[in-house]
Amino acid sequence: MDLETHDQLCAVLPTAFGDVYLSQENRPEGMAFWDMVVADVHGIRPAELIEEQKKGRKVFGTFCTYVPDEVVVACDGIVTGLCGGSQFWVPEGEKHLPADVCPLIKASLGARLGKTCPFFRIVDQIVGETTCDGKKKMYEIMAKDVPMHIMELPHMKRDVDVARFAQEIALFAKNVEEVTGNELTAEKLAEAIDIINNRRKALARVYETRKDPDTIPISGTDALLMMQIAFFDDPVRCAEMANKLADELEQRLVDKVSVFPAGTKRILLTGTPLAIPNWKLHHIIETSGAAIVCEENCTGTKFFTNLVDDSATTLEGQFQALAERYMKINCACFTPNEARIQEVIQLAKDYHVDGVINQNLKFCTTFKVEAPALEDALEEAGIPVLNIETDYTDNDAEQLRTRIGAFVEMLGE
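Residues numbered from 1 in each chain as written. Predicted model: local features only at pLDDT ≥ 70, side-chain atom pairs only at ≥ 80, totals over all residues. Heavy atoms only, no water.

A.B. asks: Which parts of the structure should I look at to understand the overall build of the protein?
C.D. replies: Looking only at helices and strands, one finds 18 helices and eight strands in the protein. The C-alpha atoms of the protein give a radius of gyration of 20 Å, which matches the 22 Å a tight globule of 413 residues would have. For the protein, the proportion of contacts with a sequence separation of at least 24, taken over those separated by at least 6, is 76%. Here the protein has roughly 16800 Å² of accessible surface; of this, 52% comes from carbon and sulfur atoms. Of the charged side chains in the protein, 42 are positive and 66 negative, and the gap between their average positions amounts to 3 Å. (Helix = DSSP H or I, 4+ residues; strand = E, 2+ residues; numbered from the N terminus. Rg over C-alpha atoms; globule rule 2.2 N^0.38 Å. Contact = heavy atoms within 4.5 Å. Areas by Shrake-Rupley, 256 points an atom, 1.4 Å probe, with all protein chains shown as cover. Lys, Arg positive; Asp, Glu negative; His and termini not counted. Charge placed at Lys NZ, Arg CZ, Asp CG, Glu CD.)

Dropping the structure here:
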């Protein structure tokens, strides 16, 4: 670790967190857990991981919702998310990558090679996936510095593609066995499937409360923080804390306790993922007269929608069940991708939204190319939509605030 440079990042985080999160009113008490985690984001969880490594356990770093956590958990490994969400890491990444690569890719590489993120330095192995051309080439660079395993994700969703991904999961399982030194059994994988399914159920409970058309019990900004931390946290503890938060939010619905005034316009945010600590767009939207009630992205519904069928009793059957669940995630990397467009429209109806904001990280080709088709479908369904392209800097904050403010005002007409 480059501690001197690392401390520069940690010095600005408290102010940023205070401005975005602690400025909110009437926050659920259950958010105290996630506030605590972020307050020492590079201390508490990394210390836990190091202690587990001392006991012989291995830590796997992942970038994508297509990597099956169940396999790692079943072999007594630990999974932690790695996507970089800060402009702080981008300059280091640009030493090795072109400037016209998306900031998430540049920040992720910069966090590892710049030695300024403990999660990137702690991992025993990183697991990549072929969802994006930029990430695939970035992995080649990162592989020179840390052991890598790359999962091939088919880019179509035919039965043959699901079967191929089941085979890919089997190959990943062999790799995990080699790294951990632990044998994967159907019994252990069944237990792990239950653990990760329980996390999905708990996160889904929180999102379910956001569907209420009259009461908004939690801000989108707080829901985003919960989802961002879910990628890093122990899955059992994550489920426990999310269920406690869901209990509180469900009671808020009964008591009609809302964090926004009646009549606040409801927004569905869709598009590219928002890795921690990328809170910019949520903060701007929710201080411009609107509330985000759902996120259709990797740090939103994609992470928990659909459970893995737990009825299989053999590894082959379980790998197939895992493949079927993970291939239901509707990423823009797939073709054709009508399923994602229909999912966004359905989510807009389920969460009773007034409008959709489709955000794209600069230079993310797949989501940007798909944006016009999504916009056309939403407009045909009578759902207003605003397309936004941005990055991790604050240079466009006022311009975004103007555009979003005008969009929200239009929703009230």
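The rest of the description comes next.
A.B. asks: Looking at this structure, how should I read the pairing of strand E4 (residues 148-151)?
C.D. replies: Walk down a regular strand and you will see the side chains alternate between the two sheet faces. Sheet analysis places strand E3 (residues 125-129) next to E4, joined by four bridges and oriented parallel. Looking at E4, one finds that valine 127 is bridged to histidine 149. (Pairing = 2+ DSSP bridges.)

A.B. asks: So what exactly am I meant to see when it comes to helix H3 (residues 44-54) here?
C.D. replies: In an α-helix, one turn spans 3.6 residues; hence positions three or four apart end up facing the same way. Among all positions of H3, only Arg45, Pro46, Leu49 and Glu52 are buried. For H3, the angular spread of buried residues about the axis comes to 125°, placing them on one side. Packed against the buried residues of H3 are strand E1 (59-62), strand E2 (78-81), helix H7 (118-122) and helix H12 (235-255). Two residues or fewer past H3, glycine 56 is found with a positive phi of approximately 100°. (Buried < 20%, exposed > 50% of the residue type's maximum accessible area, 1.4 Å probe, protein only. Arc of directions from axis to C-beta.)

A.B. asks: Teacher, can you tell me more about the sheet that holds E1 here?
C.D. replies: Two strands in a sheet stick together by hydrogen bonds in their backbones, pointing the same way (parallel) or opposite ways (antiparallel). Read from one edge to the other, the open sheet built from four strands follows the order E2-E1-E3-E4, with strand pairing classed as parallel. Each having just a single partner strand, E2 and E4 make up the two edges of the open sheet. Each adjacent strand pair in this sheet contributes to an overall mean axis angle of 30°, direction not counted. Here four bridges tie E1 to E2, and the two strands are oriented parallel to one another. Residue pairing in the sheet places threonine 62 in a bridge with glycine 81 of E2. Taken strand by strand, helix H8 (residues 133-142) contacts E3 and E4, and its axis lies near 160° from that of E3. Of the strands in this sheet, E1, E3 and E4 are in contact with helix H9 (residues 159-180), which crosses E4 at around 165°. (Axes fitted to C-alpha atoms, helices over the stretch in contact; angles between N-to-C directions.)

A.B. asks: Before we go on, may I ask you to explain the environment of isoleucine 388 in this structure?
C.D. replies: Its location among the elements puts isoleucine 388 in strand E8 (residues 385-390). Residue classification places isoleucine 388 among the buried residues on the basis of a relative accessible area of 3%. On a C-alpha basis, the gap between isoleucine 388 and glutamate 25 in space is 27 Å, while along the polypeptide they are 363 residues apart. Residues contacting isoleucine 388, with those up to four places away along its chain left out, are Leu281, Ile357, Asn358, Gln359, Asn360, Leu400, Arg403 and Ile404.

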